[in-house]
Amino acid sequence: MEILEIQNLTKTYGNQKALSNLSLSIPKGGIFGLLGPNGAGKTTLIRIINQIIEGDSGKVFFKGEILQPKHISQIGYLPEERGLYKKMKVWDQLVYFARLKDMPAPLAKERVGYWLKKMDIISWKDKRIDDLSKGMAQKVQFISTIIHEPELLILDEPFSGFDPLNAEIIKNEIIELKEKGITVVLSTHRMESVELLCDQIAMIHRSHKILEGRLTDIKQRFRPNTYEIKLSGINTTLPENWNAYPVNGVAVFSIPLGQDSPNGTLTKLMQYGEVVGFREILPSMEEIFIQQIKNHSYE
Amino acid sequence: MNKIWLVIQREYLSRVQKRSFLLATLLTPLIFPSIMGIFLWISIGESENPSLQIIEVVDENNIFFIESSEQYAFSFSKISTEEGKKMVNEGDRFGFLYIPKIDLSNPSGITYFGEKNPSMNLISFLESSIKRRIEEQRLFESGISSEAINAYRTEVSIQAITLDNSGEEKVTDATVNYAIGFLAGIMIYMFIFIYGNQIMQGVIEEKSSRIIEILVSSIKPFQLMMGKIIGIGAVGLTQFLIWIILIGGISSIVMGYFGLQMPQQQAMELANPELGEMMDSQNNLQNILQVINGIDFIQLTLTFIFYFLGGYLLYGAFFAAVGAAVDAPSEAQQFMLPITIPLLIGYLGLFVFVLNDPNSNVSFWLSIIPFTSPIAMMGRVSYGVPIFDLILSMSLLVGGFFFSTWVAGKVYRIGILIHGSKVNYKTLWRWIKTN
């Protein structure tokens, strides 16, 4: 079942298109990567899902119902531009945000206590945001996003501003949330986190969706059909177009298969020496991303 | 509705709990009475220990006599003008009044010499003394004796009484009404500016620190705006209430210490001894009390609270819209004109028209149009205003509030999400037109 179904969504600012006829379905559970360069329309899409702005035309369904204000309490949102009340105490601030999302006060307090302990900042609960380090403030910000136990969590560049240690903590939290059955939409430029976390992705470029699907399927689709080979005990000269340079008798190189099957190539390889490694090279998300943007920019 | 209540609570508590709020609330009322206290202390010191100013008078006609007061003594002699000037120069005399031989029907050439510029009070005192003497002299010359003149001299003071519809009579005194209208108007004017500014600062804070994006994903911008306006209004009311209580309390302590019951009258007498003599203080005090009794304080207080809040709410929405349209407080100046101009018109109108003639046409319109009425109407209410005018003005103010909030809400809704782009009046107009 889809937690979010977007149909033919269009949004125009003046004469600039932010979203053109965009359709997207985000399945329940799992982590959905929303990719695209700056200005592609990601933030507009996220704002529409959060009901901050409205689309010009098209429909958005949340769990099969037309998106409406009552769904606000089931969505959590971490904007790219972070912000908290600087003069407000951590505790008061989190309780306030939870209650704004319709959580009753006693439950809100209980959850704030739980999360502050979990994130190891309970001793800072009476400090003002002003007095916290940037990393700590980011943790508070993250808590504010999930404090009301949303079913859908939208994270816009969640790792920016964190040092590697804290980024790891947040990453683990995201995985834990996913395991609890919460759907996470992750909008980011950092492709390594996409590869690590996302089950499914959609790529938006210049207000259009240019790519959508399961991460593994996409990688398969864009594989260059190239294999990495490790050869030892080389007894004859290798064909020149293999670009192999044996070092200490072991050569590591990649060859495009072309029309050959992997097995056919292996048989050929055996004539030259001992095959100690044979592995298909899959493209990184980074490469696919750059390639896709380039391809669509010339259209 | 529940969410507006949450915003109101946050806006209220986050401000009231601040140390600066506590300081401003406690110190401001101390400043007024202490300034007043110092002023009284100085003037009391002066009146207890008056340094008598001697003025030399030379009268070529031999008919003038000027009575000395606590402040001035007059010594009459026959010295020459040069000698008189010299005495002033050397500091032997405070001033020198020279009255040459004059034609009583057309007196001219009377001159005062002084080292300092004489006060208006002194000059008018001298003028009235001489004038009275000339009049007496001329009446005497036409055959009326001075006894007869004294017998006919009468003191008149008019007591004004207004009749209301039920035929009840009330003693009025324009001065008291003036003071009440003046104070109420100024308080509303100040309240709108001080707390309107806080609304604007609050909106800019939320916008520039980007909390707004989180907030509007949980609450409608309009609810957020209203919550903020109401919350800050409540802070202002709290502060004003504390001020009134503290100023009242401290003032009465200060007055009590100096043993003064009627500070204004005392101060007036100190400044103008002649006026003080002319006023029968016992009578006057009674009169003022009677006037105060005649004022319907419940009506006055209720209308004050209504216009106080109505004016604040009407302009509060505009302040919020300005805050939403800019990125930093320094940019807000360019949009302040539409707020400042009508407020200033109301403020100046209160002094120039309303307080002087509460029933003139200009006063009527100033007190009806919602943008000036919160200030101007207070000037009329203190004198008593036809119930029809009051109802018309109040309903228009309520309507004006809905209108301003509707317009401001549109600007606010779009403005809070726009960062880093130049906004001008044309852009604002486009925002208002968007649905």
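Given the structure is predicted, the values throughout are model-derived calculations rather than measurements.

**Comments concerning the nonpolar core**
Grouped together as the largest cluster of nonpolar side chains are 157 residues, with contacts concentrated most on Leu4(A), Leu45(A), Leu152(A), Ile201(A), Leu215(B), Phe319(B) and Tyr412(B). The leading source of residues in this core is helix H12 (residues 297–325) of chain B, at 15 residues. Dropping the residues within four chain positions of it, Ile201(A) is found in contact with Phe32(A), Gly33(A), Leu35(A), Val194(A), Leu211(A), Glu212(A), Gly213(A), Leu215(A), Ile218(A) and Met285(A). Val57(B), Tyr72(B), Ile99(B) and Leu122(B) belong to the second largest nonpolar core, which has 17 residues in total.

**Structural notes on the confidence of the model for chain B**
Per-residue confidence for chain B gives a mean pLDDT of 81, with 84% of residues at or over 70. In this model, residues 261–280 of chain B is a region of pLDDT below 50 whose contacts with residues beyond four sequence positions or in other chains number 19 contacts.

**A look at the interface of chain B and chain A**
Interface size, as often reported, equals the accessible area lost upon joining of the parts. Of the residues lining the interface, 18 residues belong to chain B; the matching set on chain A comes to 22 residues. In total, about 2100 Å² of surface goes out of reach between chain B and chain A, with carbon and sulfur atoms giving 61% of it. Looking at the side of chain B facing chain A, the largest losses of area belong to Arg10(B), Glu213(B) and Ile214(B), adding up to 28% of the total buried there. Linking chain B with chain A are 2 salt bridges. The partner of Arg210(B) in a salt bridge is Glu81(A), and the shortest N-O contact between them spans 3.5 Å. Taken together, the links from chain B to chain A amount to 5 residue pairs in polar contact (both at pLDDT 80 or more).

**Focus: empty space enclosed by the protein**
Any empty space left between the atoms is revealed when a probe the size of a water molecule rolls over them. On inspection of all chains with the given rule, the structure shows 1 cavity of 30 Å³ or more. Roughly 60 Å³ of internal volume is contained in the largest cavity. Tyr77(A), Phe97(A), Lys101(A), Ser144(A), Thr145(A), His148(A), Ile214(B), Ser217(B) and Ser218(B) are the residues that line the largest cavity. Partitioned by chemical class, the residues of the lining of the largest cavity number 3 nonpolar, 5 polar and 1 charged.

**Here's the deal with the sheet that holds strand S2 (residues 72–77) of chain B**
Residues and elements named next belong to chain B. Across the sheet, 4 strands lie side by side as S2-S1-S3-S4; this open sheet has mixed pairing. The sheet is open, and its two borders are formed by S2 and strand S4 (111–114), each paired with just one other strand. Within this sheet the neighbouring strands show an average axis-to-axis angle of 20°, counted without direction. By the bridge criterion, 5 bridges tie strand S1 (residues 53–59) to strand S3 (residues 95–99) in an arrangement that is parallel. Bridge pairing in S3 places Val58 opposite Tyr98. Most of the contacts of helix H3 (residues 81–90) go to S3, to which it runs at about 160°, and overall it touches S1, S3 and S4.

Conventions we followed
- Residues numbered from 1 in each chain as written.
- Chains lettered and ligands numbered in written order.
- Predicted model: local features only at pLDDT ≥ 70, side-chain atom pairs only at ≥ 80, totals over all residues.
- Heavy atoms only, no water.
- Core = buried A, V, L, I, M, F, W, Y, C linked by side-chain atoms within 4.5 Å.
- Buried < 20%, exposed > 50% of the residue type's maximum accessible area, 1.4 Å probe, protein only.
- Helix = DSSP H or I, 4+ residues; strand = E, 2+ residues; numbered from the N terminus.
- Contact = heavy atoms within 4.5 Å.
- pLDDT = per-residue confidence, 0-100.
- Buried area = accessible area lost by both parts, 1.4 Å probe.
- Salt bridge = Lys/Arg side-chain N within 4 Å of Asp/Glu carboxyl O.
- Polar contact = N/O pair within 3.5 Å; in protein donor to acceptor, adjacent residues only side chain to side chain.
- 1 Å grid on protein atoms, 1.4 Å probe; cavity = no way out; pocket = protein on both sides within 12 Å on 5 of 7 lines; lining within 4 Å.
- Points joined across faces, edges and corners; volume = space filled by probe spheres on them.
- Nonpolar A, V, L, I, M, F, W, Y, C, P; charged D, E, K, R; others polar.
- Pairing = 2+ DSSP bridges.
- Axes fitted to C-alpha atoms, helices over the stretch in contact; angles between N-to-C directions.

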